[in-house]
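A structural walkthrough
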Amino acid sequence: MDKIAMFDTKPYDRTWFDQLNTRYHIKYLEPKLTPDTVSLAHGCRAVIPFVNDTLDRTVIDGLCAEGVEMIALRCAGYNNVDRAAAAGRIPVVRVPGYSPYAVAEFTMGLLLTLNRKLHKACFRTRDFNFSLNGLVGFDLHGKTAGIIGTGKIGQIFIQICRGFGMHVLAYDPFPVPDADFSYVSLEELLQKSDIVSLHCPLTEQSRHLINRDTIAQMRDGAYLLNTSRGMLVESEALLDALKSGKLAGAGLDVYEEETDFFFEDRSDSIDRDTILSLLVSMPNVVLTSHQAFLTTEALHNIAKVTLENLDAFFRDGSLQNEVR
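Residues numbered from 1 in each chain as written. Predicted model: local features only at pLDDT ≥ 70, side-chain atom pairs only at ≥ 80, totals over all residues. Heavy atoms only, no water.

1. Digging into the side chain of Ser193
Threshold: Starting at the N terminus, helices and strands are each numbered in turn, a helix being any DSSP run of H or I of at least four residues and a strand any DSSP run of E of at least two. For the exposure calls, accessible area comes from a 1.4 Å probe over protein chains only, and a residue counts as buried if that area is under 20% of its type's maximum, exposed if over 50%, partly exposed in between. Within 3.5 Å is the distance limit for a polar contact, defined as a pair of N or O atoms, with the added protein rule that one can donate a hydrogen and the other accept it, and that residues adjacent in sequence qualify only through two side-chain atoms. The contact criterion used throughout is that any non-hydrogen atoms of two residues lie within 4.5 Å.
Structurally, Ser193 is set in the loop between helix 7 (186-192) and strand 9 (195-198). A relative accessible area of 0% places Ser193 in the buried class. Reaching out from Ser193, the side chain makes a polar contact with the backbone nitrogen of Gly146 at a distance of 3.3 Å. A distance of 2.7 Å separates a polar atom in the side chain of Ser193 from the backbone oxygen of Leu189. Not counting chain neighbours up to four residues away, the residues in contact with Ser193 comprise Thr144, Ala145, Gly146, Leu169, Arg219 and Ala222.

So, in structure tokens, the structure goes:
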């Protein structure tokens, strides 16, 4: 059986890989893929990294030196891959869409929690505090949602927002042809939206798309949602906007410096990121640990497509879902 190394493995990752895999000996590894752990792929024909694994030139050089033939990402994003270092040396494939519903539905969950103070209400009632003071929210019906990025996830979130009776504005440098929603400029979207939600990939152009200048263009008292990539938002600028009241709140499932923290239990560590600590402590922030994708359906699809990507490559060298 071909040996495959899966890095940054959690128990929920194994469930569907164990059920669907019939061909490979998968070496499940808890450590992330880094220059220090690349040697763990020795003897393996492929590696299965995740979103926060390191795939820079040093790691890619190491994988090639170990004889690894391909990189099969078990995620959609590939901003952690040095594509120039991999080009012509080791192919990289991904899972382009595992469950857009999972992420879009979670985004609405963040908004509802943030707006209606559900997290605060739950903590109160556990202490038998049934006061409603400080729990006032607002109707989503009639409000304007600005959706930045109209791929599958963005389009589904648009449908969800419409189900709540919200008006929708969209921005994307690559608009969907014949869309049944209105595209506007980024500036207009920021100026007119009560809620701004990010559903775009991380590129050089989109890095820190939300920064001091773009926040200044947003409505006073707007909410920001980010379930895409942490580096889309300049965290220090966001923190300042939340402190000043320029923004009323933020629902975040990602953070720009999340690699050393997210997906791990760091509750006993005193080595904490200062800005992340401040964001977590803010009463108008709901921050989760990159879990928007985490549904049974998504985990099934991730395992299924990853194994299909491996099968195609080892069958005849074909590359399904190649990262270019």
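2. Details of the pairing of strand 11 (residues 247-252)
Operational definition: The pairing criterion is simple: DSSP has to find at least two bridges between the two strands. Assignment of crossover handedness uses the view with strands pointing away from the viewer, where a clockwise path from the first strand over the helix to the second indicates a right-handed crossover.
Of all six residues in strand 11, five are buried; the element is thus mostly enclosed. Note that strand 10 (residues 222-226) and strand 11 share five bridges and pair parallel. Paired with Ala222 across the two strands is Leu247, which belongs to strand 11. Remark: the strand 10/helix 9 (residues 235-244)/strand 11 crossover connection has right-handed handedness.

3. Focus: the sheet that holds strand 1 (residues 2-6)
Heads up, the condition is: Every angle, taken between N-to-C directions, lies between 0 and 180 degrees, and every axis is a line fitted to C-alpha atoms, over only the stretch in contact when it is a helix.
Spatial ordering of the open sheet is given by 2-1-3-4-5, a layout of five strands whose pairing is parallel. Two strands in the sheet have a free side with no partner beyond their single neighbour: strand 2 (24-28) and strand 5 (92-93). Sheet analysis places strand 1 next to strand 2, joined by five bridges and oriented parallel. Among the inter-strand pairings, Asp2 is bridged to a residue of strand 2, identified as Tyr24. Against the sheet, helix 1 (residues 11-20) makes contact with strand 1, strand 2 and strand 3 (46-48), and its axis sits at roughly 170° relative to strand 2, the strand it touches most.

4. Considerations on the environment of Tyr171
Tracing the backbone through its elements, the reader meets Tyr171 in strand 7 (residues 167-171). For the pair Tyr171 and Glu187, spaced 16 residues apart in sequence, the C-alpha separation works out to 9.4 Å. Not counting residues up to four positions away in its chain, the partners in contact with Tyr171 are Ile147, Ile148, Gly149, Tyr183, Val184, Ser185, Leu186 and Leu189.

5. Describing the sheet that holds strand 8 (residues 182-183)
On the basis of which strands lie adjacent, the open sheet formed by seven strands has the order 8-7-6-9-10-11-12 and parallel pairing. Each edge of the open sheet carries a strand with a single partner, namely strand 8 and strand 12 (285-287). The sheet contacts of helix 6 (residues 152-163) involve strand 6 (144-148), strand 7, strand 9 and strand 10, and relative to strand 6 the element is tilted by about 175°.

6. Some remarks on unusual backbone geometry
A positive phi angle, close to 60°, is found at Lys117, a residue other than glycine. Summarising the element assignment, Lys117 is placed in the loop between helix 4 (100-116) and helix 5 (118-126). Located in the positive-phi region is Asp178, a residue other than glycine, with phi close to 55°. One can find Asp178 in the loop between strand 7 and strand 8.

7. With respect to the layout of surface pockets
The cut-off we apply is this: Lining residues are those with an atom within 4 Å of a point, where the points come from a 1 Å grid over the protein atoms alone and group into cavities, where a 1.4 Å probe fits but cannot get out, or pockets, open sets with protein on both sides within 12 Å along at least five of seven lines. Grid points are joined across faces, edges and corners, and a volume is the space filled by probe spheres set on the points. The classification used treats Ala, Val, Leu, Ile, Met, Phe, Trp, Tyr, Cys and Pro as nonpolar, Asp, Glu, Lys and Arg as charged, and all other residues, Gly among them, as polar.
Roughly 330 Å³ of internal volume is contained in the second largest pocket. It is helix 10 (residues 274-281) that contributes the most residues to the lining of the second largest pocket, three residues altogether. Residue composition of the lining of the second largest pocket, by class: five nonpolar, four polar and four charged.

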